[in-house]
Amino acid sequence: MPRVRELMASVARVLLGLAMVLLLAGSAAAAELALAAVPAPADPVPTPSLPQVPPELAAAVEALRKGDAAAALSSATAFVRNHPLSAVGHEVLGAAALMAYDYKGAEIALTESLRLEPGRVTAMLRLGQVALRSGDLKQAEDWFRKAVAAAPDQGGSRRALAIALFRQGKVREAIDEAREGVSRSTDKDLDAVIFLAALYLDLGQPGEVEGLLDDLVGEASPPQAQLLLGLARLELRKVDEAAPLIQRAYDADPSSRWARLGHAVVRRERGQIEPARQEFEKLAAENPEWSLAHFELGRTLLAERRSDLALQAFARAERTSPNPALARLRASQLLLSVGEIDQAIASAKAALSMPAVAPYARAILVQAQLARQRPDLARQELQAAVDASPDDVIARIQLGRFDLQQGKPADALVEFEKAAVIRPDSADAYVGQAQARLALKQPDEAVRAAERAATIQGPRAAALVFLGAVQERAGRLPDAIGSFQEALRLAPNSLPAARRLAGALERDRRPAEALRVLDTASKAHPESVALLLDVAAAQERAGDVPAAETAYREILRRAPDNPVALNNLAYMLSERPAALDEALALAERAYQRAPTSPAIADTLGWVLYRKGALDRAATLLAQAAQAAPDSAAIRYHLGMTYARQGRREEARAALEKALPGLSPADAAEASRALEALR
């Protein structure tokens, strides 16, 4: 049977460099921070609704709703003249002045509204809007903080505060406020969720976006939510799952610049580089102040290996970005990903002096040194940051994660524990402790750290999925199943929770339950190729070959170039002599798309063995065995090929090494082959 997990692990290694940047950066990776990654109104701060107004003010409020600032000003001014002690009257007048861009008049009217009614939250929010629009970000933050203090459970107040923090480069604080706004929301404030998801996407955390929106987005969801989830899945390389979401947004409004941008990204990810670049060039020309259009153009030019032009596009993205330092960092991250190491280092170093982005700059510099195969210099960079600021929790967590990635869990644990002492409410510190304890083979301590992290994060599906993963690795399978089930209860359509639960149930020898979980999830996420892959693999392991074959063929109908489906279907078909030609064609396609995967090379080699093409089979299988020396199945296939070639000693060595790890059927075949070689 195909080694699905082995294959997925080998494919995942392709993305290791980017993942390292994300790990080092903590809860936010280097990224351009445009205020929203989805279509948004010109003023992204949520405008509070006005309470019941006197009949004389109704005309002014109706004019505000229609966007008629002049009529609203006229009606509100007349009302205030006759009712000078009306707080709501002054607030409506302030709102009208704000709509008319009369910031001084708006401030005077709203201040009077607050003087008449000191606890008026909506007036505080509008005063924050005035400050935000006039460029006084600190004053905006102060007003929004007052609104939060007055009404801590009002999601709009926290969202507004997050925007003010965000524009000042206070990234972590902005995320914390947006997250708190979502957690306190009792009315499923989709706007608050979309805003938090947009922050996560701009910060390079598409996984968080998917976790937030998975159980909220369907065909009837707002285009903003669908597009945001689609863009996140593109970042996660889930092109086939992203495409339907983006296509629906595009079909709903093909003139939308956001839908056009998403549509072009899909084309680029599917290899249609030139038409994608042409669309980005149009978007950038039509929207010269849109930083993201310039950035995506630069990204596409990099894909064409036109580095000089890409750098020019990134420079324009930086000039037009509301946060130039973070725009620069995201560009440096992309430059690093295509091997432009010197350019990436120069860009990241320029941002090190800016406290708000220094952690992300360090992450990129560290990754650059690793790309140069200088882990010593990478660690020096992180250690210097800790030495310069011993109480900097982010720097310590970065250093701990680096040590963990470098195979030094004891050193990592020291840093994570120090971080937790400095900031006891840091979930990241306890997540790191759990990972280090697992690496040190301290399962009980790992579970306690994961439980602490989950407690800090509150009732969130993602936290419970992490806890369950730690419990599973610690050998507490029943507890893990319980955590995954609770995660699904909190977020019934959570893909990570469903997939983890299904895997745990299989390991608990409950395949029928696992399949039911996957079937339910696949109905909720009909566009998910990854989920259908899980279903197919589970059916295959359960011995239901016809159902598995049907599932793999459905995957290939949706995603013709999916290497996992191509590989697994080829392996299945190789068991049937009449289907060997189709198996070979599928295996060749899989190998073309993932030539570095040992599992895919093994499948192609095994199909060639069955067809009698022994020389090429032996070459591929030897390469696969070198890349995955612990794979008994690959050694078995190599040994069988050597045996048919008459290479008796090499065949015997490979088969003897493979024998202890083989399935009963393969072990019996290997034993017979060994007997024949004696």
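Cut-offs and rules
- Residues numbered from 1 in each chain as written.
- Predicted model: local features only at pLDDT ≥ 70, side-chain atom pairs only at ≥ 80, totals over all residues.
- Heavy atoms only, no water.
- Helix = DSSP H or I, 4+ residues; strand = E, 2+ residues; numbered from the N terminus.
- Buried < 20%, exposed > 50% of the residue type's maximum accessible area, 1.4 Å probe, protein only.
- Contact = heavy atoms within 4.5 Å.
- Areas by Shrake-Rupley, 256 points an atom, 1.4 Å probe, with all protein chains shown as cover.
- Phe/Tyr/Trp six-rings, centres within 6.5 Å; stacked < 30°, edge-to-face > 60°.
- Lys NZ or Arg CZ within 6 Å of the ring centre and 35° of its normal.
- Expected span 1.5 Å × (residues − 1).
- Polar contact = N/O pair within 3.5 Å; in protein donor to acceptor, adjacent residues only side chain to side chain.
- Salt bridge = Lys/Arg side-chain N within 4 Å of Asp/Glu carboxyl O.
- Arc of directions from axis to C-beta.
- Axes fitted to C-alpha atoms, helices over the stretch in contact; angles between N-to-C directions.
- Parallel < 35°, antiparallel > 145°, perpendicular 65-115°, else oblique.
- Left-handed = near helix turned anticlockwise from the far one by under 90°.
- Nonpolar A, V, L, I, M, F, W, Y, C, P; charged D, E, K, R; others polar.
- pLDDT = per-residue confidence, 0-100.

Peer 1: Go over the overall build of the protein chain with me, naming the residues and quoting the values.
Peer 2: A tally of helices and strands in the protein chain yields 39 helices and zero strands. Looking at the protein chain residue by residue over its 678 residues, the buried ones come to 54%. Contacts in the protein chain between residues at least 24 apart in sequence constitute 54% of all its contacts with a sequence separation of at least 6. Approximately 29,100 Å² of the protein chain is accessible, and the part contributed by carbon and sulfur atoms is 52%.

Peer 1: Can you break down the environment of Gly 605 residue by residue, with the values?
Peer 2: Here Gly 605 shows up in helix α35 (residues 598-611). For the pair formed by Gly 605 and Leu 621, sequence separation is 16 residues and the distance between their alpha carbons is 5.6 Å. Beyond its immediate sequence surroundings of up to four residues, Gly 605 is in contact with Ala 617, Leu 620 and Leu 621.

Peer 1: I'd love a proper account of the packing of aromatic side chains, names of residues and values included.
Peer 2: To describe a pair of aromatic rings, one takes the distance between the centres and the angle between the planes. The full count for this structure, using the stated rule, is four aromatic pairs. An angle of 70° between the planes, with centres 6.5 Å apart, marks the rings of Tyr 101 and Tyr 103 as edge-to-face. A centroid spacing of 5.5 Å and a plane angle of 40° characterise the contact between Phe 295 and Phe 314, whose relative ring orientation is tilted. Remark: Phe 314 occurs in helix α18 (residues 307-320) and Phe 295 occurs in helix α17 (residues 291-303); sequence separation between them is 19 residues. By the burial criterion, Phe 295 is buried, and Phe 314 matches it. Put simply, the rings of Trp 606, Tyr 609 and Tyr 636 pair up and form one aromatic cluster. The side chain of Arg 257 reaches across the aromatic face of Trp 290, ending 4.1 Å from its centre. In this structure, Arg 644 is placed above the aromatic ring of Tyr 609, and the distance from its NZ or CZ to the ring centre is 4.7 Å.

Peer 1: Account for helix α27 (residues 461-473), with residues named and values stated.
Peer 2: The first and last C-alpha atoms of α27 sit 18 Å apart over 13 residues, in line with the 18 Å expected at 1.5 Å per residue. Among all positions of α27, only Ala 461, Ala 463, Leu 464, Val 465, Leu 467, Gly 468, Ala 469, Val 470, Gln 471 and Glu 472 are buried. Tucked into the core, α27 has its buried residues touching α25 (427-439), α26 (443-457), α28 (477-490) and α29 (495-507). In the stretch just after α27, Gly 475 is the one whose phi turns positive, near 85°.

Peer 1: So what about the side chain of Ser 494? Which residues, and what values?
Peer 2: By secondary structure assignment, the location of Ser 494 is in the loop between α28 and α29. According to the relative accessible area criterion, Ser 494 is buried, its value standing at 7%. Among the polar contacts made by the side chain of Ser 494, one reaches the main-chain amide nitrogen of Ala 497 at a distance of 3.3 Å.

Peer 1: Any details on the pattern of salt bridges? Residues and values, ideally.
Peer 2: Side-chain pairs of opposite charge can arise where the charged atoms are in close proximity. Overall, the coordinates contain 45 salt bridges when judged by the stated rule. Linking Asp 534 and Arg 499 is a salt bridge whose minimum nitrogen-to-oxygen distance equals 2.4 Å. With Asp 534 in helix α31 (residues 529-541) and Arg 499 in helix α29, the pair connects residues that are 35 residues apart, well separated along the chain. Among the ionic contacts, a cluster of salt bridges with common partners joins Glu 91, Glu 117, Arg 120 and Arg 126.

Peer 1: Report on helix α6 (residues 103-116), specifying residues and quantitative values.
Peer 2: For α6, which comprises 14 residues, the first-to-last C-alpha distance of 20 Å matches the rise-based estimate of 20 Å (1.5 Å per residue) to within 8%. Among the residues of α6, Ala 106, Ala 109, Leu 110, Ser 113 and Leu 114 are the ones counted as buried. Down the axis of α6, the smallest arc covering the buried residues is 140°, so these residues share one side. With respect to the buried face of α6, the exposed residues turned more than 90 degrees away are Lys 104, Ile 108 and Arg 115. Residues of α6 that are buried make contact with α5 (87-99), α7 (121-133) and α8 (137-150).

Peer 1: Just give me the short version of the environment of Arg 145, but keep the residues and values in it.
Peer 2: Tracing the backbone shows Arg 145 in helix α8. For Arg 145 and Arg 158, which are 13 residues apart along the polypeptide, the C-alpha to C-alpha distance reads 8.0 Å.

Peer 1: Any chance you could break down the packing of helix α21 (residues 358-371) against helix α23 (residues 393-405) for me, citing the residues and the numbers?
Peer 2: With their axes 10 Å apart at the nearest point, α21 and α23 run at an angle of 25° to one another. Here α21 is positioned roughly parallel relative to α23, judged by the angle of their axes. Relative to α23, the crossing made by α21 is right-handed. In contact with Pro 359, Arg 362, Ala 363, Val 366 and Leu 370 of α21, α23 contributes Ile 394, Ala 395, Gln 398, Phe 402 and Gln 405. Of the residues that constitute the contact of α21 with α23, the class distribution is seven nonpolar, two polar and one charged.

Peer 1: Can you explain the confidence of the model for the protein chain? Please cite residues and give values.
Peer 2: The predicted model of the protein chain averages 83 in pLDDT, with 89% of residues at 70 or higher. Element-level mean pLDDT values for the protein chain span from 32 in helix α2 (residues 16-25) up to 95 in helix α24 (residues 409-422). Predicted confidence is poor over residues 1-48, with pLDDT under 50, and the contacts of this stretch with residues over four places away or in other chains come to 140 contacts.

Peer 1: Give me the environment of Gln 154: which residues, what numbers.
Peer 2: With respect to the helices and strands, the residue Gln 154 is situated in the loop between α8 and α9 (155-167). As for Gln 154 and Val 182, which are separated by 28 residues in sequence, their C-alpha atoms are 9.8 Å apart. Residues in contact with Gln 154, not counting those within four places in the same chain, are Val 121 and Leu 125.

Peer 1: Mind laying out the packing of helix α15 (residues 257-269) against helix α16 (residues 273-286), listing which residues take part and the relevant values?
Peer 2: Direction vectors running N to C along α15 and α16 enclose 155°, while the axes themselves pass 8 Å from each other. As far as their axial angle goes, α16 and α15 are roughly antiparallel. Relative to α16, α15 is oriented so that their crossing is left-handed. Facing α15, whose interface residues are Arg 257, Arg 260, Leu 261, Ala 264, Val 265, Arg 267 and Arg 268, α16 presents Ile 273, Pro 275, Ala 276, Glu 279, Phe 280, Lys 282, Leu 283 and Glu 286. Counted by class, the contact of α15 with α16 contains eight nonpolar, no polar and seven charged residues.

Peer 1: Explain unusual backbone geometry residue by residue, including any values.
Peer 2: A positive phi is found at Tyr 101, a non-glycine position, where the angle reads about 65°. Looking at Tyr 101, the relative accessible area reads 60%, which means it is exposed. Its identity is not glycine, yet Arg 305 carries a phi of approximately 65°, on the positive side.

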